[in-house]
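One letter stands for each residue in the lines below.
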Amino acid sequence: MVSIVVPVYNAAKYIENTIRMVSEQTYKDWELILVDDGSKDGSPEVIEEIIKKQGKRIRLIRKESNVGAAEARNAGIDASSGRYIAFLDADDVWMPDKLEKQIAFMEKTGAAFSFHSYEFGDENAKPTGKIVHVPATLKYKQALSRTVIFTTTVMFDTEKIDMEIIHMPKVPSEDTATWWRILKSGYVAYGLDENLAVYRRPGKSLSSNKLEALYRIWFLYRNIANLSVPESLFYFGGWAVRATIRRL
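The shown structure was predicted, so the numbers you read here are calculated from the model rather than taken from an experiment.

## A look at the pattern of salt bridges
So, step 1. Scanning the entire structure with this criterion turns up 13 salt bridges.
So, step 2. Linking Glu45 and Arg62 is a salt bridge whose minimum nitrogen-to-oxygen distance equals 3.5 Å. Taken together, the positions of Glu45 in helix 2 (residues 43-54) and Arg62 in strand 3 (residues 58-63) put the pair 17 residues apart, joining distant regions of the chain.
So, step 3. Looking at Arg62, the relative accessible area reads 44%, which means it is partly exposed.
So, step 4. Here Glu49 and Lys52 are joined by a salt bridge, their closest N and O atoms 3.1 Å apart. One end of the pair is Glu49 and the other is Lys52, both in helix 2 and three residues apart, which spans about a single turn.
So, step 5. For Glu49, a relative accessible area of 41% translates into the label partly exposed.
So, step 6. Taken together, the shared-partner salt bridges connect Glu45, Glu48 and Arg62 into one network.

Spelled out as C-alpha cells, the structure:
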C-alpha cells in the first residue's frame, strides 16, 4: 500500500478535487492522510463530510494551531501504514496513473527514493507547457546546485529507507533540507523523466517569492549543508543558473 500525506492549510477550494484525484488513481491500494494545519476556512469540515461518504481509506488529522508544512507532513508520516509514502500538496495535481507508474519504476530500479518530472500550471492548475525534466539519478553534491526535486513528485519505499530520516526539519525550504540530508547519508534519488504532476503556480508576488527563494537557498547552504562561504557561492551560482532556466 502507498500512504499519501497531504498537509492542508486553508485549502477548502482545492481539497474536494484533491481527494477525487486520489480516488481516481489507476493504482488502488492506497490510504490518504490529510493533516489539517489549523485551517480557518472550513477545510476540516469539508474533509469530514467526504470521509462520511467515502470510508476509512481517507483519514483526517487535525492540528489545533498552524504548525507549518514540515510538522504537518511529519504527523502524516507517523500515522502512515503503507510500504510506500508519497507526498502531495493540496493545490497540486497528479496524473491519473502517477502512482501506478512510479511504483512500477521503483520496483524496476530498486529505488528507495524516487521523484519524477512535472509541469508548471497557472493559478487554476491549467498546464502551461513548461515541463521540468529530471535526471536519471541524483546524488548529494549534484542536488546542491539543482533543486529539481518537487515535493509532490516524491515517493519513498520504507522497506529500503529508515522512516526517521524522511521526517522534515522545521526550517525554511524544509523539503529541500530533507532531500539533502537523505542524499548526504548515502542514498541516491532515482528520477522518472515522465510528466506525472502539475505544479500550481499563482501569478502574484513573483518578485517577493524570488527574493525569498534566494534567502532560503543561502540559508540551506550555510546552516543545513554547513558549507563555507566560497563553497556556498559556488553552488549558489549553479543553482541560480538552473533555477532561471527552469522558470523561463
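## Regarding the packing of aromatic side chains
Given two aromatic rings, their pairing is described by the distance between the two centres and the angle made by the two planes.
So, step 1. Within the structure shown, the criterion is met by 16 aromatic pairs.
So, step 2. Look at Phe120 and Tyr199: their rings are 5.6 Å apart centre to centre, the planes differ by 45 degrees, and that puts the pair in the tilted class. Taken together, the residues Phe120 in strand 6 (residues 113-121) and Tyr199 in strand 10 (residues 189-200) connect sequence positions 79 residues apart.
So, step 3. For Tyr199, a relative accessible area of 24% gives the class partly exposed.
So, step 4. Seen from their ring centres, Trp180 and Tyr221 are 5.5 Å apart, and the 15 degrees between their planes marks the pair as stacked. Separated by 41 residues along the polypeptide, Trp180 in helix 6 (residues 174-184) and Tyr221 in helix 7 (residues 206-224) bring together distant segments of the chain.
So, step 5. With relative accessibility at 3%, the residue Trp180 sits in the buried group.
So, step 6. Aromatic rings pair up to connect Phe87, Phe113, Phe156 and Trp179 into one cluster.
So, step 7. Over the aromatic face of Phe120 sits the side chain of Arg201, whose NZ or CZ is 4.2 Å from the ring centroid.

## A short note on the packing of helix 1 (residues 12-23) against helix 2
So, step 1. Closest axis-to-axis distance for the helix 1/helix 2 pair is 9 Å, and the angle between their directions is 30 degrees. Judged by the inter-axis angle, helix 1 sits roughly parallel to helix 2. Between helix 1 and helix 2 lies a crossing of right-handed hand. On helix 2, the residues that touch Ala12, Ile15, Glu16, Ile19 and Ser23 of helix 1 are Ser43, Val46, Ile47, Ile50 and Gln54.
So, step 2. A per-class count over the contact of helix 1 with helix 2 returns six nonpolar, three polar and one charged.

## Overview of the side chain of Glu119
So, step 1. Among the structural elements, Glu119 can be located in strand 6.
So, step 2. Although buried, Glu119 forms no salt bridge, and the nearest oppositely charged side chain, Lys130, lies 10 Å from it.
So, step 3. Polar contacts involving the side chain of Glu119 include one to the main-chain amide nitrogen of Gly129, which spans 2.7 Å.
So, step 4. Beyond its immediate stretch of four places on either side in the chain, Glu119 contacts Pro127, Thr128, Gly129, Lys130, Ile131, Asn195, Ala197, Val198 and Tyr199.

What counts and what doesn't
- Residues numbered from 1 in each chain as written.
- Predicted model: local features only at pLDDT ≥ 70, side-chain atom pairs only at ≥ 80, totals over all residues.
- Heavy atoms only, no water.
- Salt bridge = Lys/Arg side-chain N within 4 Å of Asp/Glu carboxyl O.
- Helix = DSSP H or I, 4+ residues; strand = E, 2+ residues; numbered from the N terminus.
- Buried < 20%, exposed > 50% of the residue type's maximum accessible area, 1.4 Å probe, protein only.
- Phe/Tyr/Trp six-rings, centres within 6.5 Å; stacked < 30°, edge-to-face > 60°.
- Lys NZ or Arg CZ within 6 Å of the ring centre and 35° of its normal.
- Axes fitted to C-alpha atoms, helices over the stretch in contact; angles between N-to-C directions.
- Parallel < 35°, antiparallel > 145°, perpendicular 65-115°, else oblique.
- Left-handed = near helix turned anticlockwise from the far one by under 90°.
- Contact = heavy atoms within 4.5 Å.
- Nonpolar A, V, L, I, M, F, W, Y, C, P; charged D, E, K, R; others polar.
- Lys, Arg positive; Asp, Glu negative; His and termini not counted.
- Polar contact = N/O pair within 3.5 Å; in protein donor to acceptor, adjacent residues only side chain to side chain.

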